[in-house]
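Descriptive analysis of the structure
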Amino acid sequence: MPLPKAELHLHIEGTLEPELAFRLAARNGVELPYADTDELRKAYRFEDLQSFLDLYYQLMAVLRTEQDFEDLANAYLERAAAQGVRHAEIFFDPQAHLARGVGMGTVVGGLWRALGSSVENHGVSTRLIMCFLRDESAESAMRTLDAAKPYLDRITGIGLDSAEVGHPPVKFRAVYEAAAALGLRRVAHAGEEGPPEYITEALDLLGVERVDHGLRCMEDPELVARLVRERIPLTLCPLSNVRLRAVDVLAEHPLPAMIDAGLLCTVNSDDPAYFGGYVADNYHAVRDALGLSREQMRELARNSFLASFLEDDEELRAR
Ligand code: ES4
Ligand code: ZN
């Protein structure tokens, strides 16, 4: 039995497996620039975040209808359940779809067809977190927030993702203020490729409750002390860090040092179709490469529920 856990850093578009991509391409008459799934898989060698994002945005072209988003989410939830996931807080990137003429209603409606029955069908409770693309303008993010207003009963919070360096959190200050006023929870990717200052900015200017990745906090001991003191959870994604070369090899991942420092660490899969594993695969990989103890593994799983947006009573039921 896999450890019961929550997954808090998961891009639903990053769960698009090659087989499903080809099936949806055929269903929608979309031409992919790869002969077959084997050839596509060979493209999964990344130099950095941007080289991954290029492929990630390209493959999304196959997602067109509500049914596509429902199928995508159901495929993820089924795999997640098999890996011990009891609760998933799922990112989606509406701007990447709106830019292709796929509306907010199609995206949220389709995802919700899977998420709305996930407890019954998969035993997994869910939340939806809408991410803004930080390499797009703040005005575009604000328009996206506006477009989401009819769907806020299904959206728990907002996040910030895509190309980090050169797009500091401050750029989205007004958007985050507007989202907070709408009662939305706030998270942001920070310190994946970007410097520790971006983590501080995300906390101070965006009011985030959780930091996605946050890896580079380790370069700033005062920031680490603050994250520990304020119990700010970090959603780490070890296999992603290796594939996108944030760390050279898993054996050199700072997770053990981060746990020792007293940081509230969680382990997540990020874009599992691209990075070689779902969340339990990430747990097993860090255990094997870093020699984590059984108690440390249990603590990571416990942290995932503590760091979730579940209410106390829901949290106890989920774990
Ligand atoms: C992402 Cl690994 C990662 N980092 C930033 N943005 C993303 N979007 C999807 N995966
Ligand atoms: Zn991510």
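It should be emphasised that the depicted structure is a prediction, and the values quoted were computed from it without experimental measurement. (Residues numbered from 1 in each chain as written. Chains lettered and ligands numbered in written order. Predicted model: local features only at pLDDT ≥ 70, side-chain atom pairs only at ≥ 80, totals over all residues.)

What follows covers the overall build of the protein. Across its full length, the protein holds 17 helices and eight strands. The globule rule puts the C-alpha radius of gyration for 319 residues at 20 Å, and the 18 Å found for the protein is close to it. Taken along the three principal axes of its C-alpha coordinates, the protein extends 50 × 40 × 40 Å. In the protein, buried positions account for 49% of the 319 residues. Counted over contacts in the protein with a minimum sequence separation of 6, partners at least 24 positions apart contribute 75%. (Helix = DSSP H or I, 4+ residues; strand = E, 2+ residues; numbered from the N terminus. Rg over C-alpha atoms; globule rule 2.2 N^0.38 Å. Buried ≥ 20, exposed ≤ 12 C-beta atoms within 10 Å, placed from the backbone. Contact = placed C-beta atoms within 7 Å.)

What follows covers the environment of E315. Relative to the helices and strands, E315 resides in helix 17 (residues 312–318). For E315, a count of 17 C-beta atoms within 10 Å puts it in the partly exposed group. Separated by 211 residues in sequence, E315 and M104 have C-alpha atoms that sit 29 Å apart. Ignoring sequence-local partners within four residues, the contact set of E315 consists of F305, S308 and L310.

What follows is about the pairing of strand 8 (residues 264–267). Both faces of strand 8 are covered, namely the face carrying L264 and T266 and the face carrying C265 and V267. Two strands pair when backbone bridges link them, and strand 7 (residues 233–236) and strand 8 are joined in this way by four bridges, in the parallel orientation. Looking across to strand 8, one finds that T235 is bridged to T266. (Pairing = 2+ DSSP bridges.)

In the neighbourhood of ligand 1, the contacting residues comprise H11, G14, L49, Y56, D161, S162, H189, E192, S240, D270 and D271. When the residues that make up the shell around ligand 1 are grouped by side-chain class, the tally is two nonpolar, five polar and four charged. (Near = placed C-beta within 6 Å. Nonpolar A, V, L, I, M, F, W, Y, C, P; charged D, E, K, R; others polar.)

Turning to the nonpolar core, a few remarks are in order. Among soluble globular proteins, nonpolar side chains are generally buried collectively. I12, A73, F92, L111 and A202 are the most contacted members of the largest nonpolar core, which has 94 residues in total. It is helix 6 (residues 104–115) that provides the largest number of residues to this core, a total of seven residues. Among all residues touching F92, those that are not within four sequence positions of it are I12, E13, V107, L111, L128, M130 and C131. (Core = buried A, V, L, I, M, F, W, Y, C linked by C-beta atoms within 7 Å.)

Attention now moves to helix 1 (residues 18–28). Within the span of helix 1, buried status applies to P18, L20, A21 and L24. Taken around the axis of helix 1, the buried residues stretch over an arc of 160 degrees, which confines them to a single face. More than 90 degrees from the buried face of helix 1, the exposed residues found are E19 and A26. Elements that come into contact with the buried residues of helix 1 comprise helix 2 (37–42), helix 3 (49–59) and helix 4 (66–82). In the segment just after helix 1, G29 is the residue with positive phi, at about 65 degrees. (Arc of directions from axis to C-beta.)

Taken from the UniProt record, the annotation "binding site: substrate" (unreviewed entry) applies to D271. Relative to the helices and strands, D271 is located in the loop between strand 8 and helix 14 (272–275). Here D271 falls in the buried class, since 23 other C-beta atoms lie within 10 Å of it. (UniProt positions renumbered as here; feature names shortened; annotations may be inferred.)

Further remarks concern the pairing of strand 2 (residues 85–92). Successive side chains on a regular strand alternate, one facing one side of the sheet and the next facing the other. A large share of strand 2 lies buried, amounting to eight of its eight residues. Bridge count between strand 1 (residues 5–11) and strand 2: five bridges; the pairing is parallel. From the neighbouring strand, L10 faces strand 2, where its bridge partner is I90.

Here the focus is the UniProt feature "domain: Adenosine deaminase" (unreviewed entry) in the protein. Following the UniProt record, one finds the feature "domain: Adenosine deaminase" (unreviewed entry) at residues 4–316. Secondary structure content for residues 4–316 is 49% helix and 15% strand, and the end C-alpha separation is 12 Å.

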